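# Structural description and commentary
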Amino acid sequence: MKILVCVSNVPDTTTKITFTDNNTQFNTNGVQFILNPYDEIALARAIELTDGGKGTVTVINVGEANTEATIRKALAIGATDAVRINAKPHDAWYVAYQIAQYVKSNPFDLILTGRESIDYNGSKVAGMLGELLDLPSVSIIKKLDAADTEATVEREIEGGKEVLTIPYPFVAGTAEGVAEPKIPNMRGIMSARTKPLTVVEPVEVKTFSEIISYETPAPRGQVKLIPADDTAKLVELLHTEARVI
Amino acid sequence: MSVLIYAENTGGKFKKSVFEAVSYARAIADQNNTSLTAVSIGNVDAAELASLGKYGANKVLNVSGDKLKDFVNQAYASVIAEAAKKEGSAVVVLSNTFSGRGLAPRVGVKLDAGVADGAVALPVQDGGSFKIKKTAFSGKAFAIVDLTSAIKVIALVPNSYKVVETGGTAQVEDFSVETKASDFKAMIKEIVRSTDKVSLPDAEIVVSGGRGLKGPENWGMIEELAELLGAATACSKPVSDAGWRPHSEHVGQTGIAVSPNLYIAVGISGAIQHLAGVSSSKVIVVINKDPEAPFFKVADYGIVGDAFEVLPKLIAAVKEYKASA
């Protein structure tokens with residue numbers, strides 16, 4: 001099975017988010033970038049599915065040269081090879097379009113993305129890829145079992161779950177539960193240096209959205225502490241002051 | 001132009017998040033002095049469909065039949081896009097639910113439309129720009145996105161816009177769309193719905209537990225409090241990682257982001273990744289025995305105390321409040 005895993009390069013989860021240039025630019029100063037945690041889940045499942053010579057895992061990233069450390073990490077974890085589309089990712093549409101163009105000339109049986117990226121929290125790339133390639137897509141899956149001609153996936157729905165069977169090829173966005181992220185071992189780290197990483201130039205594409213500025217959430221007021229033995233006071237405040245119960 | 005809202009049903013009924021989305025779409029229609037059409041897919045009865053008029057829908061397109069009775073991402077996206085074309089809609093609104101998040105990108109591509117998912121406020125339209133505030137960095141910030149395409153698709157976060165009753169009425173019309181066989185490649189085998197539980201992403205109150213609960217056997221207290229309050233239950237990442245609770249309850253940066261009216265965190269210290277997923281909650285209550293827990297810095301109300309002593313008292317206090325209400 002040939003699996004493609006789409007990966008993003010995102011700020012580490014512990015990053016304190018700040019902005020510059022009058023809140024129009026994300027401040028990358030001192031920020032460590034990592035492989036998007038949901039993409040790590042997709043990668044881990046892809047490696048499990050192809051374990052023992054049952055296929056290949058290609059990782060693809062739309063990014064400039066500075067994302068190569070993240071791509072090498074994916075290779076160290078166990079991807080077979082990698083592709084970097086040499087462009088600054090403008091938005092989900094731009095990323096999906098570039099990947100779709102690549103896939104049209106390099107088909108895969110299964111395309112995985114993380115359910116969302118932790119920077120812009122869109123869960124759009126899987127659905128957009130599905131539409132651009134005329135393939136089924138499931139945006140947020142919790143489980144993925146692969147058989148020869150089709151896979152069974154579990155998707156979360158409001159207040160429950162849905163089980164689906166989907167013939168290959170298809171696109172899925174993975175969430176927690178699909179696999180445990182893998183930690184690269186020394187052999188993986190060494191071999192990652194020599195695994196193929198192909199750089200592809202982007203195609204022209206119109207853009208549909210532009211980030212104009214950023215805002216940070218309004219600061220909250222001081223916490224009102226209530227004595228541990230006066231829970232009735234808390235209930236009263238939630239009813240009369242906060243008006244939430 | 002007009003505005004189109006996709007009214008997602010759960011077992012034939014519309015939930016509050018749909019009424020929020022209709023109210024939101026009505027406000028956009030009013031901004032542009034245009035009409036609002038809702039499209040419903042699946043088997044929903046006439047009275048339920050007509051109820052969308054109360055929140056400002058002028059017309060409801062009803063797509064029913066066995067083939068489309070359950071959610072099929074590709075087919076539903078085709079129907080919504082066709083409804084938008086029929087109505088000449090310049091703005092399409094969906095709820096940012098599990099299904100909505102799968103639909104919005106496909107509808108966007110079909111309509112050559114920019115997509116703003118995670119929207120939390122009405123668009124600001126000014127001299128041709130169409131600016132939408134959306135969540136970013138998992139709740140640590142918001143991004144203001146200008147959708148520059150002719151048609152715009154917006155997925156609205158549940159609990160981020162109020163339900164507004166206009167008292168209007170909607171005309172319900174049957175609508176059919178020719179679906180392609182390739183739209184039905186994904187086959188639904190089973191739907192398991194726990195009807196007795198409040199769904200986490202659109203819950204108005206969430207009661208959440210962390211490692212301070214010491215083990216899964218102690219979750220009865222969290223569940224009891226949640227049931228009394230009509231709340232959903234949730235947990236922190238270490239709890240789902242340890243297998244005490246399912247991943248679907250994990251709230252935070254790498255779990256579900258929630259924005260309830262009330263978030264009660266018990267035995268959760270408040271790591272930056274957890275705070276990211278809950279920071280848009282309107283009111284936060286923190287119960288933790290460590291007075292230095294970072295969660296107290298973002299809480300509205302706090303109790304410094306052991307969960308095992310505080311929770312039973314809080315449950316008793318809520319019972320008393322409910323008995324006297």
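### Here we look at the overall build of chain B
On a plain count of helices and strands, chain B comes out with eight helices and 18 strands. Computed over the C-alpha atoms, the radius of gyration of chain B is 21 Å, within 12% of the 20 Å expected from 2.2 N^0.38 for a compact globule of 325 residues. Its C-alpha atoms put chain B at 60 × 45 × 40 Å along the principal axes. In chain B, buried positions account for 62% of the 325 residues. A fraction of 65% describes how many contacts in chain B between residues 6 or more apart in sequence connect residues 24 or more apart. Accessible area of chain B: about 11,700 Å², with a carbon and sulfur share of 51%. Separation of charge centres in chain B, based on 34 positive and 34 negative side chains, amounts to 4 Å.

### Some words on the packing of aromatic side chains
For the structure on display, the rule yields 15 aromatic pairs over all chains. Look at Phe19(A) and Tyr214(A): their rings are 4.4 Å apart centre to centre, the planes differ by 10°, and that puts the pair in the stacked class. Taken together, the residues Phe19(A) in strand E3 (residues 19–20) and Tyr214(A) in strand E14 (residues 209–215) connect sequence positions 195 residues apart. Tyr214(A) gets classed as buried once you look at its relative accessible area, which sits at 7%. Ring geometry for Trp219(B) and Trp244(B): centres 6.2 Å apart, planes at 65°, overall edge-to-face. Of this pair, Trp219(B) sits in helix H5 (residues 219–229) while Trp244(B) sits in the loop between helix H6 (237–241) and strand E16 (262–266); the two residues are 25 residues apart in sequence, bridging distant segments of the chain. For Trp219(B), a relative accessible area of 1% gives the class buried. Assessed through its relative accessible area of 21%, Trp244(B) is described here as partly exposed. A cation over a ring is seen here: Lys152(B) above Phe130(B), with NZ or CZ 5.2 Å from the ring centre.

### Considering the pairing of strand E6 (residues 89–95) of chain B
Residues and elements named next belong to chain B. Among the seven residues that make up E6, seven are buried, leaving the element largely enclosed by the rest of the structure. Where strand E1 (residues 2–7) and E6 come together, four bridges link them in parallel fashion. The residue of E6 that forms the bridge with Ile-5 is Val-93. Of the pairings in the sheet, the one linking E6 to strand E11 (residues 152–156) comprises five bridges and is parallel in character. Along E11, the bridge assignment pairs Val-92 with Val-153.

### Some words on the interface of chain A and chain B
Every contact between the two is made by 80 residues of chain A and, on the other side, 89 residues of chain B. Carbon and sulfur atoms supply 56% of the area buried between chain A and chain B, which totals about 7,300 Å² over both sides. Linking chain A to chain B there are eight salt bridges. Its salt-bridge partner being Lys124(A), residue Asp117(B) comes within 3.0 Å of it at the nearest N-O pair.

### Quick notes on the environment of Gly277(B)
All names here are of chain B. Assignment of secondary structure puts Gly-277 in helix H7 (residues 272–278). Using a relative accessible area of 2% as the deciding quantity, one classes Gly-277 as buried. Through-space distance from the C-alpha of Gly-277 to that of Gln-253 is 5.0 Å; in sequence the pair is 24 residues apart.

### Things to note about the side chain of Ser99(B)
In this structure, Ser99(B) sits in helix H4 (residues 98–110). On the basis of relative accessibility, which here comes to 6%, the residue Ser99(B) falls in the buried class. Apart from residues lying up to four places away in sequence, Ser99(B) is in contact with Arg155(A), Glu158(A), Glu8(B) and Phe71(B).

### Some points on the environment of Lys69(B)
All names here are of chain B. Along the chain, Lys-69 falls in the loop between strand E5 (59–63) and helix H3 (73–87). Of the residues examined, Lys-69 reaches a relative accessible area of 43% and is grouped as partly exposed. As for Lys-69 and Ser-99, which are separated by 30 residues in sequence, their C-alpha atoms are 14 Å apart. A polar side-chain atom of Lys-69 sits 3.2 Å from a polar atom in the side chain of Asp-70.

### Brief notes about the sheet that holds strand E13 (residues 187–193) of chain B
One open sheet accounts for ten strands, arranged E13(A)-E7(A)-E6(A)-E1(A)-E8(A)-E12(A)-E9(A)-E10(A)-E11(A)-E13(B); its pairing is mixed. The strands lining the two open edges of the sheet, one partner per strand, are strand E13 (197–200) of chain A together with E13 of chain B. Neighbour-to-neighbour, the strand axes of this sheet turn through a mean angle of 30°, independent of strand direction. Sheet topology note: the strand E11 (residues 160–167) of chain A/E13(B) ladder contains six bridges and is antiparallel. Directly across from Thr165(A), in E13(B), lies its bridge partner Met187(B). Lying on the sheet, helix H3 (residues 92–105) of chain A is in contact with strand E1 (2–6), strand E6 (56–63), strand E7 (81–86), strand E8 (110–114) and E13 of chain A; it crosses E6(A) at an angle near 140°.

### What to know about the pattern of salt bridges
Residues and elements named next belong to chain A. A full pass over the atoms with the stated rule returns 34 salt bridges over all chains. The partner of Lys-142 in a salt bridge is Glu-156, with the nearest N and O atoms 3.3 Å apart. Of this pair, Lys-142 sits in strand E9 (residues 137–146) while Glu-156 sits in strand E10 (residues 150–157), and the two are 14 residues apart along the sequence. On the basis of relative accessible area, Lys-142 is assigned to the buried category, the value being 15%.

### Topic: the sheet that holds strand E15 (residues 224–225) of chain A
Strand order across the open sheet formed by six strands is E15(A)-E18(B)-E17(B)-E16(B)-E14(B)-E15(B), with parallel pairing between neighbours. The sheet is open, and its two edges are formed by E15 of chain A together with strand E15 (232–235) of chain B, each paired on a single side. Pairing analysis gives five bridges linking strand E14 (residues 205–209) of chain B to E16(B), with the strands arranged parallel. Bridge pairing links Val207(B) to Ile264(B) in E16(B).

### What about the packing of helix H6 (residues 231–240) of chain A against helix H8 (residues 307–324) of chain B?
Closest axis-to-axis distance for the H6(A)/H8(B) pair is 8 Å, and the angle between their directions is 50°. It follows from the interaxial angle that H6(A) and H8(B) lie oblique. Crossing hand, H6(A) versus H8(B): right-handed. Residues Thr231(A), Ala232(A), Leu234(A), Val235(A) and His239(A) of H6(A) form the contact with H8(B), whose participating residues are Val310(B), Lys313(B), Leu314(B), Ala317(B), Val318(B) and Tyr321(B). Residues that form the contact of H6(A) with H8(B) fall into these classes: eight nonpolar, two polar and one charged.

How each quantity is defined
- Residues numbered from 1 in each chain as written.
- Chains lettered and ligands numbered in written order.
- Predicted model: local features only at pLDDT ≥ 70, side-chain atom pairs only at ≥ 80, totals over all residues.
- Heavy atoms only, no water.
- Helix = DSSP H or I, 4+ residues; strand = E, 2+ residues; numbered from the N terminus.
- Rg over C-alpha atoms; globule rule 2.2 N^0.38 Å.
- Buried < 20%, exposed > 50% of the residue type's maximum accessible area, 1.4 Å probe, protein only.
- Contact = heavy atoms within 4.5 Å.
- Areas by Shrake-Rupley, 256 points an atom, 1.4 Å probe, with all protein chains shown as cover.
- Lys, Arg positive; Asp, Glu negative; His and termini not counted.
- Charge placed at Lys NZ, Arg CZ, Asp CG, Glu CD.
- Phe/Tyr/Trp six-rings, centres within 6.5 Å; stacked < 30°, edge-to-face > 60°.
- Lys NZ or Arg CZ within 6 Å of the ring centre and 35° of its normal.
- Pairing = 2+ DSSP bridges.
- Buried area = accessible area lost by both parts, 1.4 Å probe.
- Salt bridge = Lys/Arg side-chain N within 4 Å of Asp/Glu carboxyl O.
- Polar contact = N/O pair within 3.5 Å; in protein donor to acceptor, adjacent residues only side chain to side chain.
- Axes fitted to C-alpha atoms, helices over the stretch in contact; angles between N-to-C directions.
- Parallel < 35°, antiparallel > 145°, perpendicular 65-115°, else oblique.
- Left-handed = near helix turned anticlockwise from the far one by under 90°.
- Nonpolar A, V, L, I, M, F, W, Y, C, P; charged D, E, K, R; others polar.

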